[in-house]
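Descriptive analysis of the structure
So you can see what is in the structure, the chains are spelled out below.
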Amino acid sequence: KKKVPSPPTAALFEAILKGTRYPDELLSTVITRVKTDSDEENNHFIKLNDTRAGLIKGCINRKQNKEEIKMSLDLENKNQAYLCGRLFAVLEKIQQDASGGGLNRTIKDSYFASACSKPSTVFPKLYKLSQNHIKKLSSPIFYNKLCGEILDGLDGTLSLDDQGRFIVGYAQQNKALYTKKSEE
């Protein structure tokens with residue numbers, strides 16, 4: 001007997017072959033997995049990798065029928081959700097740098113899922129906490145300026161697509177923060 005692929009799998013392959021939008025279930029599934037899977041190998045509660053970020057980016061870009069989200073950090077992207085993701089990555093980096101990188105649990109482990117879906121309730125608390133961490137850093141001006149640039153005009157609750165934009169913004173900003181450091 002031949003196995004018949006499940007409807008979501010068949011819809012995904014059809015979208016790949018025809019170059020059409022991916023099924024909405026794919027975006028929903030990947031976002032849920034990012035928020036709920038754990039990365040026990042790296043001792044983190046959130047499992048986000050380049051593959052998942054790429055799937056989310058692909059779903060959003062095909063849904064919009066344009067390249068809304070670029071391959072790497074896009075400083076010109078002013079989408080609210082994307083900016084929230086970027087800000088979250090910066091706040092996490094501030095926390096890591098202030099602690100010397102020795103934390104078992106970061107804000108990502110505690111606040112990622114709620115920041116992704118309801119940023120207006122989480123970011124005021126995270127930003128206030130970051131001010132305590134910034135005081136411990138040797139380069140507080142850089143982080144204050146970066147946060148200020150991102151913070152201009154953020155608000156609201158995020159739709160599923162926007163949660164995807166948040167995740168990709170986080171992943172791209174996070175990668176840029178650590179790439180620049182390794183290049184220096």
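Provided above is the structure to which this section pertains.
So, here's what we can say about the structure.

Criteria and cut-off values
Residues numbered from 1 in each chain as written. Predicted model: local features only at pLDDT ≥ 70, side-chain atom pairs only at ≥ 80, totals over all residues. Heavy atoms only, no water. Axes fitted to C-alpha atoms, helices over the stretch in contact; angles between N-to-C directions. Helix = DSSP H or I, 4+ residues; strand = E, 2+ residues; numbered from the N terminus. Parallel < 35°, antiparallel > 145°, perpendicular 65-115°, else oblique. Left-handed = near helix turned anticlockwise from the far one by under 90°. Contact = heavy atoms within 4.5 Å. Nonpolar A, V, L, I, M, F, W, Y, C, P; charged D, E, K, R; others polar. Buried < 20%, exposed > 50% of the residue type's maximum accessible area, 1.4 Å probe, protein only.

To continue, consider the packing of helix 2 (residues 24–36) against helix 3 (residues 50–64). The N-to-C vectors of helix 2 and helix 3 enclose an angle of 150 degrees; their axes lie 10 Å apart at closest approach. The pairing of helix 2 with helix 3 is recorded here as roughly antiparallel in orientation. As helix 2 packs across helix 3, the resulting crossing turns out to be left-handed. Counted together, Asp24, Leu26, Leu27, Val30, Ile31, Arg33 and Val34 of helix 2 and Arg52, Leu55, Ile56, Cys59 and Lys63 of helix 3 form the full contact between these two elements. Residues of the contact of helix 2 with helix 3, tallied by class, amount to eight nonpolar, no polar and four charged.

What follows deals with the environment of leucine 129. With respect to the helices, strands and loops of the structure, leucine 129 is situated in helix 6 (residues 119–134). On the basis of relative accessibility, which here comes to 36%, the residue leucine 129 falls in the partly exposed class. Between the C-alpha atom of leucine 129 and that of isoleucine 94, which follows or precedes it by 35 residues, the distance is 10.0 Å.

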